[in-house]
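Here is what each chain is made of, one letter per residue.
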Amino acid sequence: MDLRMHEELAEVWDDFEADDELWVAVLAGAGTRAFSVGQDLKELAARVQQGSAGAATFGSRGKPGWPRLTERFDLSKPVVAKVRGYAMGGGFELALACDLLIASDDAVFALPEARLGLMAGAGGVFRLTRQLPWKTALGHLMTGRPMTARRAHELGLVNEAVPAAELDACVEGWVADILRCAPLSVRAIKEAATASATLPLPAAFATRYFWEEQRMHSKDAAEGPLAFVEKREPRWQAG
């Protein structure tokens, strides 16, 4: 991932969030070799030699493409990572930032930044310790050791790991299930689950959530029960 790619991806995410007809995104790598192997280290090395790299730490504020997906904390719509092959460094951090992660059984995940004198500053050090058992996460962060898709699935990091030939169909199945649901419900669930993750339970119940406010006062809140009683598919509104 070079600086130009970050700029172009930012435009994609802006368009995705703004388009009411788009309810879910699938993020995938091109080809079969890798989802993404992360930062373009040749570009970084060239910038270091030119003296233009500057100090790098957590986040992308002030850099091309900000806010990148890893920092779009208010992105309301669901994003599914479809991972085949290598998801390394920043590529793994992108996958960790997605809401669902579906992988082929030949996928390999790793955060090798410590081996390069770098930091998993696009959220890897924060998200991995939240999404895996503590010592398991630290073991991978402090050694750069890779993790297979099967192991990631066993640990609950991956929703489903399937043979490569079945990956497309598996992802399509997950997307179809999301699209059966009311888009406002999906967004409200994503927001409430994320925002309440570090709150005490009483505070989580007492908090007001923007997308839940939209859902509870929407026509979809009545359409779902009505469609169930009338034994028909619900007709959700976009938005």
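Residues numbered from 1 in each chain as written. Predicted model: local features only at pLDDT ≥ 70, side-chain atom pairs only at ≥ 80, totals over all residues. Heavy atoms only, no water.

Peer 1: Describe the packing of aromatic side chains, listing the residues and the values that go with them.
Peer 2: Within the structure shown, the criterion is met by 4 aromatic pairs. Between the aromatic rings of Phe 58 and Phe 126, the centroid separation amounts to 4.9 Å while the plane-to-plane angle is 40 degrees, which identifies the pairing as tilted. Residue Phe 58 is located in the loop between helix H2 (41-50) and strand E3 (79-83), and its partner Phe 126 is located in helix H4 (residues 124-131); the two are separated by 68 residues in the primary sequence. Judged by relative accessible area, which is 38%, Phe 126 ranks as partly exposed. A centroid spacing of 5.1 Å and a plane angle of 40 degrees characterise the contact between Phe 92 and Phe 109, whose relative ring orientation is tilted. Here Phe 92, found in helix H3 (residues 90-97), pairs with Phe 109, found in strand E6 (residues 108-110); they are 17 residues apart in sequence, far enough to count as distant. The exposure class assigned to Phe 92 is buried, which follows from its relative accessible area of 2%. The class for Phe 109 is buried, based on a relative accessible area of 1%. (Phe/Tyr/Trp six-rings, centres within 6.5 Å; stacked < 30°, edge-to-face > 60°. Helix = DSSP H or I, 4+ residues; strand = E, 2+ residues; numbered from the N terminus. Buried < 20%, exposed > 50% of the residue type's maximum accessible area, 1.4 Å probe, protein only.)

Peer 1: Any details on H3? Residues and values, ideally.
Peer 2: Summarising burial for H3: 8 of the 8 residues are buried, a large majority. All buried positions along H3 are accounted for by Gly 90, Gly 91, Phe 92, Glu 93, Leu 94, Ala 95, Leu 96 and Ala 97.

Peer 1: Before we move on, could you go through the sheet that holds strand E5 (residues 100-104) and cite the residues and values that matter?
Peer 2: Strand order in this open sheet of 4 strands is E1-E3-E5-E8, and the pairing throughout is parallel. On the outer flanks of this sheet lie strand E1 (25-28) and strand E8 (160-162), each paired with one strand and no other. Strand after strand, the sheet turns through a mean of 20 degrees between neighbouring axes, direction not considered. Examined bridge by bridge, E3 and E5 share 4 bridges and lie parallel to one another. Across the sheet, the residue bridging to Val 80 is Leu 100, located in E5. (Pairing = 2+ DSSP bridges. Axes fitted to C-alpha atoms, helices over the stretch in contact; angles between N-to-C directions.)

Peer 1: Give me the layout of surface pockets: which residues, what numbers.
Peer 2: Estimates place the volume of the largest pocket at around 1300 Å³. Surrounding the largest pocket, 45 residues form its lining, Ala 97, Asp 99, Arg 127, Lys 190 and Thr 194 being those nearest its centre. Put simply, the parts of the chain that give the lining of the largest pocket at least two residues each are E3, H3, E5, H4, helix H7 (167-180) and helix H8 (183-195). Counting residues per element, the lining of the largest pocket draws most heavily on H8, which supplies 8 residues. Partitioning the lining of the largest pocket into residue classes produces 25 nonpolar, 10 polar and 10 charged. Volume-wise, the second largest pocket comes out at about 900 Å³. (1 Å grid on protein atoms, 1.4 Å probe; cavity = no way out; pocket = protein on both sides within 12 Å on 5 of 7 lines; lining within 4 Å. Points joined across faces, edges and corners; volume = space filled by probe spheres on them. Nonpolar A, V, L, I, M, F, W, Y, C, P; charged D, E, K, R; others polar.)

Peer 1: Which residues make up a nonpolar patch on the surface, and what values do they have?
Peer 2: A surface patch of nonpolar side chains, about 250 Å² in accessible area, is lined by Leu 41, Leu 116 and Leu 118. Topologically, Leu 116 is positioned in the loop between E6 and H4. Its relative accessible area of 49% is what places Leu 116 among the partly exposed residues. (Patch = residues over 30% accessible without salt bridge, like charges linked within 9 Å, V, L, I, M, F, W, Y side chains within 5 Å. Areas by Shrake-Rupley, 256 points an atom, 1.4 Å probe, with all protein chains shown as cover. Salt bridge = Lys/Arg side-chain N within 4 Å of Asp/Glu carboxyl O.)

Peer 1: Give a detailed account of the side chain of Arg 72, specifying residues and quantitative values.
Peer 2: Mapped onto the elements of the fold, Arg 72 is located in the loop between H2 and E3. The exposure class assigned to Arg 72 is buried, which follows from its relative accessible area of 14%. Look past the residues within four positions of Arg 72 in its chain and what remains in contact with it is Ala 10, Trp 13, Asp 14 and Pro 67. (Contact = heavy atoms within 4.5 Å.)

Peer 1: Report on the state of the cysteines, specifying residues and quantitative values.
Peer 2: For the coordinates displayed, the defined rule picks out 0 disulfides. Here Cys 181 stays free of any disulfide, with the sulfur of Cys 170 as its closest cysteine sulfur at 16 Å. (Disulfide = S-S within 2.5 Å.)

Peer 1: Provide a residue-level description of the nonpolar core, including the pertinent values.
Peer 2: Within the largest apolar cluster, 36 residues are counted, with the highest numbers of intra-cluster contacts made by Val 83, Phe 109 and Leu 128. Of all elements in the fold, only helix H1 (3-18), E1, E3, H3, E5, helix H5 (134-143) and helix H6 (149-154) reach the threshold of two or more residues within this core. Among the elements that line this core, the one with the most residues is H3, at 5 residues. Contacts of Leu 128, omitting those with residues within four sequence positions, involve Phe 92, Leu 96, Leu 111, Gly 123, Ala 137, His 140, Leu 141 and Leu 157. Val 24, Leu 167, Cys 170 and Val 175 belong to the second largest nonpolar core, which has 11 residues in total. (Core = buried A, V, L, I, M, F, W, Y, C linked by side-chain atoms within 4.5 Å.)

Honestly, that's just the spatial picture; any functional story needs more than this.
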